[in-house]
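Observations on chain architecture
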Amino acid sequence: MRHYEAQLTPTLSGKLWLLAALFTVLLPHLLRMPPLLSLASIAVFGWRLAHEVKGWSLPRRPLRWLLTLIFFAGVFLTYKTVVGRDAGVALLTVMLCLKLIELHTLRDAMVTLYLGYFLVIGGFLFSQSVYNGLYLLLVVLLLTAALIALNHPNSAMAHTRYYLRYAGQLLLQAFPIMVVMFILFPRLDSPLWSMPQGNVGKTGLSDQIRMGTISSLVASQEVAFRVEFKGALPDADQLYWRGPVLWTTDGRDWQRTRQTVMHTIPAYQQLSAPVEYTVTLESSGYSWLFSLDLPSSMPQGLDHASFILSDFQLLSEKVATDKQRYTIRSALSYRNEVMFNNDRRMALQLPSDVNRMTVAMAQAWIAEGLDAGQLVERALAYYRDNDFYYTRQPPLLTVDPVDDFLFNTRRGFCEHYATSFVTLMRAAGVPARVVTGYQGGERNNLGNYLIVRQSSAHAWAEVWLDGEGWQRVDPTSHIPAERVEETVDAQRFATTDLLSSVAGGSQFNLFARTFFQLRQVWDSVNYGWNMWVLGFDREQQDKLLRALGIRDMSWQNLLLTLVGLITFLVAAISLFILLRRPRQTDPVVRAYLLFCRKLARKGTVRGQGEGPQDFAKRASLEQPGDSERIREITRLYVQLRYAPEVSGASLKQLKRSVANL
Amino acid sequence: MRRDQAEPGPVTLTRRRVYILPSGSGIIFALLLLAMLIGAINYQNSLAFIFTFLLTGMALVSMVHTFRNLNGLLFRVGHVPPVFAGEQAAFPLSVENPGGQQRIAIKLSFREQTPLTLDLEANGGQWLQLHHPTSRRGWVNPGRITAYTRFPLGLFHAWAYIHIEMRALVYPTPAADRKLPAKLLVADGSSGDQGKGDDDFASLRPYHPGDSLRHVHWKALAREQGLMTKQFGGGVSEQLWLRWELLGNTPTEERLARLTRWVLEADARGMAYGLALPDREIAPQRGDAHRRLCLEALALFNLREGRE
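Residues numbered from 1 in each chain as written. Chains lettered and ligands numbered in written order. Predicted model: local features only at pLDDT ≥ 70, side-chain atom pairs only at ≥ 80, totals over all residues.

1. What to know about the pairing of strand S8 (residues 275-281) of chain A
The criterion, for reference: DSSP bridges decide pairing: two strands pair if at least two such bridges lie between them. Numbered from the N terminus, helices here are DSSP runs of H or I no shorter than four residues, and strands are runs of E no shorter than two.
Where strand S2 (residues 223-229) of chain A and S8 of chain A come together, five bridges link them in antiparallel fashion. Bridge pairing links valine 227 of chain A to valine 279 of chain A in S8 of chain A.

2. With respect to the sheet that holds strand S18 (residues 442-444) of chain A
Residues and elements named next belong to chain A. This is how it is decided: Lines fitted to C-alpha atoms define the axes, with helix axes restricted to the stretch in contact, and inter-axis angles between N-to-C directions lie between 0 and 180 degrees. Throughout, a residue-residue contact means that the two C-beta atoms, derived from backbone geometry, are no farther apart than 7 Å.
Strands sit in the order S13-S8-S2-S19-S18 across an open sheet of five strands; the sheet is antiparallel. Strands with a single pairing partner mark the edges of an open sheet, and in this sheet they are strand S13 (324-330) and S18. Mean inter-strand twist for the sheet, computed between neighbouring axes without regard to direction, equals 30 degrees. Note: S8 against S13, seven bridges, orientation antiparallel. Looking across to S13, one finds that leucine 281 is bridged to glutamine 324. Helix H17 (residues 510-534) contacts S2, S8, S18 and strand S19 (449-453) of the sheet and is inclined by roughly 75 degrees relative to S18.

3. A word on unusual backbone geometry
Note that the residue after aspartate 293 of chain A, namely leucine 294 of chain A, is joined by a cis bond; omega there is -15 degrees. Secondary-structure assignment places leucine 294 of chain A in the loop between strand S10 (291-292) and strand S11 (306-309). Of the consecutive residues phenylalanine 151 of chain B and proline 152 of chain B, the connecting peptide bond is found in the cis state with omega at 5 degrees. Mapped onto the elements of the fold, proline 152 of chain B is located in the loop between strand S10 (145-149) and strand S11 (156-162). The residue lysine 80 of chain A is not glycine, and still its phi comes out positive at about 60 degrees. Note on placement: lysine 80 of chain A falls in the loop between helix H4 (61-79) and helix H5 (85-100).

4. Here we look at the interface of chain B and chain A
Inclusion rule: Put simply, Ala, Val, Leu, Ile, Met, Phe, Trp, Tyr, Cys and Pro go in the nonpolar bin, Asp, Glu, Lys and Arg in the charged bin, and everything else, Gly too, in the polar bin.
Across the boundary between the two partners, chain B contributes 53 residues, which contact 51 residues of chain A. At the level of elements, helix H1 (24-43), helix H2 (46-70), strand S6 (103-110), strand S7 (116-120) and S10 of chain B are the ones that each hand at least two residues to the side of chain B that touches chain A. Among the elements that take part in the side of chain B that touches chain A, H2 of chain B stands out by supplying 19 residues, more than any other. Residue composition of the side of chain B that touches chain A, grouped by class: 29 nonpolar, 21 polar and three charged.

5. With respect to the sheet that holds strand S9 (residues 138-140) of chain B
Residues and elements named next belong to chain B. Strands sit in the order S4-S12-S9 across an open sheet of three strands; the sheet is mixed. Of all strands in the sheet, those bounded by a partner on one side alone are strand S4 (83-84) and S9. Pairing of S4 with strand S12 (residues 168-171) involves two bridges; the strand directions are parallel. Paired with valine 83 across the two strands is valine 170, which belongs to S12. The strands touched by helix H6 (residues 288-299) within the sheet are S9 and S12, with S12 carrying the most contacts at an inclination of about 85 degrees.

The following block contains the structure:
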């Protein structure tokens, strides 16, 4: 019998199911692989399909070996390796296609399908988004339906819905087991062995300003990070998320400079109680960590080290290829008098041969005898009183970009304002630097957290005032609202509740509002996904178990609990499945069985295997009073059940007769 | 103990009778799950964990489904028609599904035989024939039936043994030589055209139960004139005695083979014949019932009942 099973061959319908399901799992990988390799794989896949549908003969052994060799070489030449994520998954993909041309027995087909499941797991190494999760769930449903079809020797295309429903039922019943295993399975702090990492997309805040760099980010609705505050949300005008600090300029480009690396927060005076919050940073490909001005503690909860530069830039030791989560405190009101020896010189650095008009204007202000604080006011007034506009599509600037901006175009966004302001300050002898990062955020009431998108990327200035230390000045926020092109940009310094601003703007209709609300719902889904699914690590597991009253459980005990719970769940599911009362789906049979029960109560029990006609004869004799009705019911039943034509009227008649008995 | 004894049937596959173990592909699947788990741990990939656990859960749940697929089936045996040794005996078996759920890909087989696959509707049933080869005359007991299934996912193999009482009567293989011994015909024949047997057709009369099917006038049935039996003249009054001693000292089984052939020949020619065995004598008669009686006597000659 086992021998017989080993030799079984799959049915045609089973094989078509297999091919269809495998195609859905292969597709994303084929799209990701180099085109030549993908096309070759698709050709092999097509060969098998043609074999099933058109009867093409499959390649013989020498050709199969040759193909295997070619594909293997192809993967190796493309990736220069065969291990690791990209090469490994590519190898699995092409080998799965090759396996299709030497698939004969049912067991071959099943093992190929299992490899399909394996490739699903491979797909998660590339993306763990909600979309990918849902897509691959669909793929698993199809693979399972294909597995059911393969195991059904009388399978036919007519059973498609049955297989899908059955597969769905299996997955649904597996769900509780999955949840229990996901929560209780012991997590490790570090991988078993390290794997080479793939290339990471480089989107996010740049560590230098060059005209246009931030403008490309402005359009992006991608989430940069999310923040949960422990207490109340700070005011919108305090939400300055500090990132790279730029010191050096050649008149057009602004760059970072060497700063002292520290492992504790540089000393400064806190003027308000610190706020505590948790940041969930999306993967960015950079090592910046963001905090509100100014951080008063080092980030906690990262799985690797972090440090801080003397100008309060927080950095993590590793480049963020994954989401990171950390808790940190900031003092929103502070007195920062941290000025290192070199800092003053660097904060006054300005090339002498560019932006001469700007320098001349600043020197004219000095000649008026203004002090540092008055110079700041004077510069801000210059923006306010002249026709400066805030726009996301600024005109191009000439070789003296600051001159061109301040005296000519007067249209730009945050980086234009920040850099021109710092240039003015430096020309006037006030130490100044550009700070980049994010400003504001939109509150999600569903999750009670703040979303900071890439479109909130911002640049502002810091000036050094003797006796007061570094002061934040945001020239952009001094542009009057009527000179800001978009309402959203005008509101970002005033409120985190973007819905009210959206609703308030006359140009926003119901559609925009609905869209905004949907986006918030979706974002809270995404946030929960990140927090409870993707970010479920050892720490989260500890936290959850503690909340459930389980403390300090060793991994051995955790495993034992897990096995116990799974046993319990399987037993519960068994009871559910095995003890479920058989449900008679055919209404005709249901009515007839009710008729039998009624007669049984009167003392005439239908024998096992007694036909309806025989039973009717016997019952009429035993229950002469009902003989008319018994004959009528039996006639209707036999007609409905065995006669080819069925009409709704007679079913109603049958039901009525049974009810009247 | 109990489970080795055949039951008179109907047999229901209760929970205790159904066994279940992982199949070969189930073990491969388990190894693959382990590989997935290692991958998930190594890449610390939450979705990989989730799907590995989902597939694990699905495999465990499929065990219950495979078990359920077999659990509760009801088996009955029908009348087993006799066969000649060397032919396949057909055992009619009724499988009933008392549950409200379909049963898919149930496989049934005698030991070492190719299984039969069937699907059963909810509350449905089906008659099927399981075949078993025969080699010797007498009662043949095919042994237990194995019912098994791997549906839905093929990861588990659930099986049950059905020890239901059933046996087939196996007649001796008729000898190849179709000729009735000439001296037999000469000795007992009194008149008519001996040897031509079926040719001397006389008339038609309505069919009575017990008439040989060979004498049914099938063409009349085809013309919708009802079942008619052909009556023959000539040999009708002949009485043949098929005697054990007629065969001299041929070995027992060969004698039985010859006698079997003679019974069939005499029956085919519509003759009345009697059978005389050393331990039993059956008076001359004709008809299907008589033929069956003679063949059964030959099948069971010198055997205790129940020989396998």
